[in-house]
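Topology and contacts: notes
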Amino acid sequence: MAGMDLVGKKDRKTAGRVVGDVNNRRAITRSVIAELIKVLKPFEEATKAISGQKYMTASLVIVIVQGLFKVFSNLMKMYLTQRVLKVAEQLLANMNTRDAFKHSEKSGTLARCTFLDPRFKHIPFSHSTTLMNTTKNDVIEKTLEIIHSKYTEEDRRSYETETLVDINSHSNSEQLSIWNDIDRCVAKSTPIGTAKSRAIVEVQRYLEDSIIPRCQDPLSWWKDHSYNYPHLSVLARNILCFLGTSVPCERVFSSAGLVLNDRRCRLKNEKVNMLLFLHYNSNECIM
């Protein structure tokens, strides 16, 4: 009996150590999983934001990429277990080697979209004066093209010389008036406008306007301020429709596959286009 009691005590001690080891491993596993969630959470947030189809996404790319690099820079300063730290370092190394992350700011299309988003404007480029000036000049040139396409050559010449004509008319007036001198001084101090100056003034006025909160709709803002920015709003309407990823296009293809099935294979292209258009512009699926 004494021998059996001794064996039983040894078994209970062994079982206790095994249970303790299992509990420790579970605690360590839970800690590692919690840290991995912290590391991977920014990627989930970025994926959800950039994959939307009810709002513009191209203007988010540069901001999201900068945010990811900033998050991982802060993660490297935090205490992480060795395994999780290796995962974070590998993710950061992959971002630094991929062109989509490393050269996103050098994309003219993405830079213009970000610049014309009233939620961001020039802020994402404030770390580089060269990049900010390049993007600003690019937007000015695009705005100038819109001005040139809107007005004929005769209209542009008329606009550029109307101030000069006004000055000459004041100088040629022989009628004596108490207002002649002040009118002549005002006319001489008025700058002679050009299409380029109109584009520069419009872009500069846009930059000086207040930045809207991130939760507001940029397209609604441009619609409300189209009177203040008649040419820049046209450029924004043409550019901000660009997509940040191909996810919305892939969704369209998936929906088209549901429409063009074996029982509806004789639908014409126009009919399919109308069905898909109605599907993606209605609150409820009607197909």
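See above for the structure.
Here's a quick rundown of the structure.

Cut-offs applied
Counting of residues starts from 1 at the beginning of each chain's written sequence and follows it residue by residue. A pLDDT threshold of at least 70 governs which residues receive local features in this predicted model, and a stricter bar of 80 or more applies before side-chain atom pairs are shown or counted, although totals over entire chains, interfaces and linings include all residues. Side-chain metrics rest on all non-hydrogen atoms present in the structure, leaving aside hydrogens and water. The way it works is that DSSP assigns letters per residue, a run of H or I at least four long becomes a helix, a run of E at least two long becomes a strand, and they are numbered from the N terminus. Buried residues are those whose accessible area, probed at 1.4 Å on protein chains only, stays under 20% of the maximum for their type, while exposed residues exceed 50% and partly exposed ones sit between those limits. Two residues form a contact once any of their heavy atoms are found within 4.5 Å. Expected span of a helix, by definition, is 1.5 Å for each gap between consecutive residues, and there is one gap fewer than residues. In this description, one arc is meant: the one made by directions from the helix axis to the C-beta atoms. By convention in these notes, a salt bridge is any Lys or Arg side-chain nitrogen within 4 Å of a carboxyl oxygen on Asp or Glu. Only buried Ala, Val, Leu, Ile, Met, Phe, Trp, Tyr and Cys residues count toward a nonpolar core, and they belong to the same one when joined by side-chain atoms within 4.5 Å. Definitions used throughout: a 1 Å grid over protein atoms alone; a cavity as a set of points that fits a 1.4 Å probe which cannot get out; a pocket as an open set with protein on both sides within 12 Å along at least five of seven lines; a lining residue as one with an atom within 4 Å of a point. Grid points are joined across faces, edges and corners, and a volume is the space filled by probe spheres set on the points. Lines fitted to C-alpha atoms define the axes, with helix axes restricted to the stretch in contact, and inter-axis angles between N-to-C directions lie between 0 and 180 degrees. Relative orientations are named as follows: roughly parallel for angles under 35 degrees, roughly antiparallel for angles over 145 degrees, roughly perpendicular for angles from 65 to 115 degrees, and oblique for any other angle. Charged residues are taken to be Asp, Glu, Lys and Arg, nonpolar residues to be Ala, Val, Leu, Ile, Met, Phe, Trp, Tyr, Cys and Pro, and polar residues to be all remaining types, Gly included.

Points about the overall build of the protein chain
Check the secondary structure of the protein chain and you find 13 helices and zero strands. Taken from the N to the C terminus, the helices and strands of the protein chain come in the order α-α-α-α-α-α-α-α-α-α-α-α-α. Expressed as a percentage of the 287 residues in the protein chain, the buried residues total 29%. A separation of at least 24 residues holds for 69% of the contacts in the protein chain among residues at least 6 apart in sequence.

Here's the deal with helix H12 (residues 247-259)
With 13 residues, H12 ought to run about 18 Å at 1.5 Å a step, and its terminal C-alpha atoms sit 19 Å apart, in line with that. Within H12 the residues assigned to the buried category are Pro248, Ser255, Ala256 and Val259. One side of H12 holds all its buried residues, which, seen down the axis, span an arc of 105°. Facing away from the buried side of H12, by more than 90 degrees, are the exposed residues Phe253 and Leu258. Here the buried face of H12 lies against helix H13 (269-280).

Re the pattern of salt bridges
A complete count under the given rule lists five salt bridges for this structure. Here Lys41 makes a salt bridge to Glu44, at a shortest N to O gap of 3.2 Å. Here the residue Lys41 and the residue Glu44 both occupy positions in helix H1 (residues 2-50), the gap between them amounting to three residues, near one helical turn. Residue classification places Lys41 among the partly exposed positions, given a relative accessible area of 48%. In this structure Glu44 comes out as partly exposed when scored by relative accessible area, which is 36%. Across the salt bridge formed by Glu141 and Lys196, the nearest N and O atoms sit 3.5 Å from each other. Note that Glu141 is positioned in helix H6 (residues 129-150) and Lys196 in helix H9 (residues 195-208), a separation of 55 residues in sequence. A single network of salt bridges, built from pairs that share partners, joins Lys41, Glu44 and Lys48.

Topic: the nonpolar core
In globular proteins that are soluble, nonpolar side chains generally tend to be buried together. Counting 46 residues, the largest nonpolar core has Phe115, Leu116, Tyr206, Trp222 and Leu232 as the members making the most contacts within it. Every element with two or more residues in this core is listed here: H1, helix H2 (61-75), helix H3 (82-97), helix H5 (108-115), H6, H9, helix H10 (218-224) and helix H11 (232-239). If you tally residues by element for this core, the top one is H2, at seven residues. Leu116 has contacts with Val139, Tyr206, Trp222, Leu232, Leu235, Ala236, Ile239 and Leu240, leaving out every residue within four places of it along the chain. In this structure, Ala256, Val272, Leu275 and Leu276 belong to the second largest nonpolar core, which totals five residues.

Details of the layout of surface pockets
Regions of empty space are outlined by a rolling probe, equal in size to a water molecule, passed over the atoms. Its boundaries defined by the atoms lining it, the largest pocket holds a volume of some 890 Å³. Lining the largest pocket we find 34 residues, and of these Ala49, Tyr55, Met56, Leu60 and Arg119 sit closest to its centre. At the level of elements, H1, H2, H10, H12 and H13 are the ones that each hand at least two residues to the lining of the largest pocket. In terms of residues, the lining of the largest pocket owes the most to one element, H2, which gives five residues.

A short note on the packing of H6 against H11
Viewed as axis vectors pointing N to C, H6 and H11 meet at an angle of 105°, and their least axial separation amounts to 9 Å. Judged on the interaxial angle alone, H11 and H6 are roughly perpendicular. Taken together, the residues of H11 that come into contact with H6 (itself represented by Val139, Lys142, Thr143 and Ile146) are Leu232, Val234 and Leu235. Taken together, the residues of the contact of H6 with H11 break down into five nonpolar, one polar and one charged.

Geometry only, nothing functional implied.
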